[in-house]
Amino acid sequence: MAKTLTIIFGILLALLGFLGFVSNPLIGANAMFAADAMHNSIHIILGAILLIVAFWASESSAFWLKVMGAVVFLLGLIGILTIPSTGGSLLGIANTNGSSDWFHLIFGVALFAAGMYSKDTMSSGMPPMSSTPSNPGRMM
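Residue positions are given per chain, counted from 1 along the sequence in the order it is written. For this predicted model, a pLDDT threshold of at least 70 governs which residues receive local features, and a threshold of 80 or more governs which side-chain atom pairs are given and counted, while totals over whole chains, interfaces and linings are taken from all residues. To get the side-chain values, take all heavy atoms of the structure and skip hydrogens and water.

**Topic: the layout of surface pockets**
The method works on a 1 Å grid over the protein atoms by themselves. A cavity is a set of points holding a 1.4 Å probe that cannot get out, a pocket is an open set with protein on both sides within 12 Å along at least five of seven lines, and residues with an atom within 4 Å of a point line them. Grid points are joined across faces, edges and corners, and a volume is the space filled by probe spheres set on the points. In this structure, the largest pocket spans a volume of roughly 230 Å³. If you trace the largest pocket, you find 16 residues lining it, with His 39, Ile 42, Leu 75, Leu 90 and Ala 94 closest to the centre. The set of elements that each furnish at least two residues to the lining of the largest pocket consists of α2 (37–56), α3 (61–82), β4 (94–96) and α4 (98–117). Residue contributions to the lining of the largest pocket peak at four residues, all from α2. The residue inventory of the lining of the largest pocket, partitioned by class, reads 11 nonpolar, five polar and no charged. Each helix corresponds to a stretch of at least 4 residues labelled H or I by DSSP, and each strand to a stretch of at least 2 residues labelled E; elements are numbered beginning at the N terminus. Just so you know the grouping, Ala, Val, Leu, Ile, Met, Phe, Trp, Tyr, Cys and Pro go in nonpolar, Asp, Glu, Lys and Arg go in charged, and all remaining residues, Gly too, go in polar.

This is the structure:
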């Protein structure tokens, strides 16, 4: 389940990043969700990281969903606390606005929750550990 959610969120982040490079009223420099080229590139990179984890390290999918969720949430929180709702530069790196910051808060919570409530493929398939040996090896 974690691998599937990691793929879904990875694709969503990458698509949001690519959408920001196309002129549209939703995501872009003068759009509802303010995003400059750096902001869009960060979305693409984060999406690529999630996709790489899902396909090459799927046993870590839940962990990476939680990490990405915490990072995205914190960036949204920093944006809400430090940038006016009309927009500005987040940490001097990427342009954002109030709508984008609130989206990051919600998306970060969704990522973190997906990581918390999903099972990794490796951990769910492990047999339970026993404290006693199955064959004590008695001497007769």
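Structure's up, so let's keep going.
**Digging into the packing of α2 against α3**
A fitted line through C-alpha atoms serves as each axis, taken over the contacting stretch for helices, and the angle formed by two N-to-C directions is quoted from 0 to 180°. As a packed pair, α2 and α3 sit with axes 9 Å apart at the nearest point and diverge in direction by 165 degrees. If you check the angle between α2 and α3, you find them roughly antiparallel. The crossing of α2 and α3 is right-handed. Of the residues in α3, those in contact with Leu 46, Ile 49, Leu 50, Val 53 and Ala 54 of α2 are Ser 61, Trp 64, Leu 65, Met 68 and Val 72. Residues that form the contact of α2 with α3 fall into these classes: nine nonpolar, one polar and no charged. Convention used here: angles under 35 degrees read as roughly parallel, angles over 145 as roughly antiparallel, angles from 65 to 115 as roughly perpendicular, and any remaining angle as oblique. By convention, the crossing between two helices is left-handed when the near helix turns anticlockwise from the far helix through less than a right angle, and right-handed when the turn is clockwise. Note on definitions: a residue-residue contact is assigned when non-hydrogen atoms from the two residues lie within 4.5 Å.

**Considering the packing of aromatic side chains**
A pair of Phe, Tyr and Trp rings is counted when the ring centres sit within 6.5 Å of each other, with Trp represented by its six-membered ring. The angle between the planes then sorts it: under 30 degrees is stacked, over 60 is edge-to-face, the rest tilted. Overall, the coordinates contain four aromatic pairs when judged by the stated rule. With a centroid separation of 5.5 Å and an interplanar angle of 80 degrees, the aromatic rings of Phe 9 and Phe 107 are classed as edge-to-face. Pair noted here: Phe 9 is in helix α1 (residues 2–20) and Phe 107 is in helix α4, with a separation of 98 residues, a long-range link.

**As for α2**
Relative to the 28 Å expected for 20 residues at 1.5 Å per residue, α2 spans 28 Å between its end C-alpha atoms, a close match to the ideal helical length. Residue exposure (1.4 Å probe, protein chains only): buried if accessible area is under 20% of the type maximum, exposed if over 50%, otherwise partly exposed. When α2 is considered as a whole, its buried residues turn out to be His 39, Asn 40, His 43, Ile 44, Leu 46, Gly 47, Leu 50, Val 53 and Ala 54. Those residues of α2 that are buried lie in contact with α1, β1 (27–28), β2 (33–34), α3, β4 and α4. A helix is expected to reach a length of 1.5 Å times the quantity of its residues less one.

**Brief notes about unusual backbone geometry**
A positive phi angle, close to 55 degrees, is found at Leu 91, a residue other than glycine. Tracing the backbone shows Leu 91 in the loop between β3 (88–90) and β4.

**Quick look at the confidence of the model for the chain**
The share of residues in the chain with pLDDT of 70 or more is 85%, and the mean pLDDT across the chain is 87. pLDDT gives the predictor's per-residue confidence on a scale running from 0 to 100. Between the elements of the chain, mean pLDDT differs from a low of 46, seen in helix α5 (residues 121–124), to a high of 96, seen in α2. Every residue in residues 121–129 is under pLDDT 50, and counting partners more than four places away or in other chains gives four contacts.

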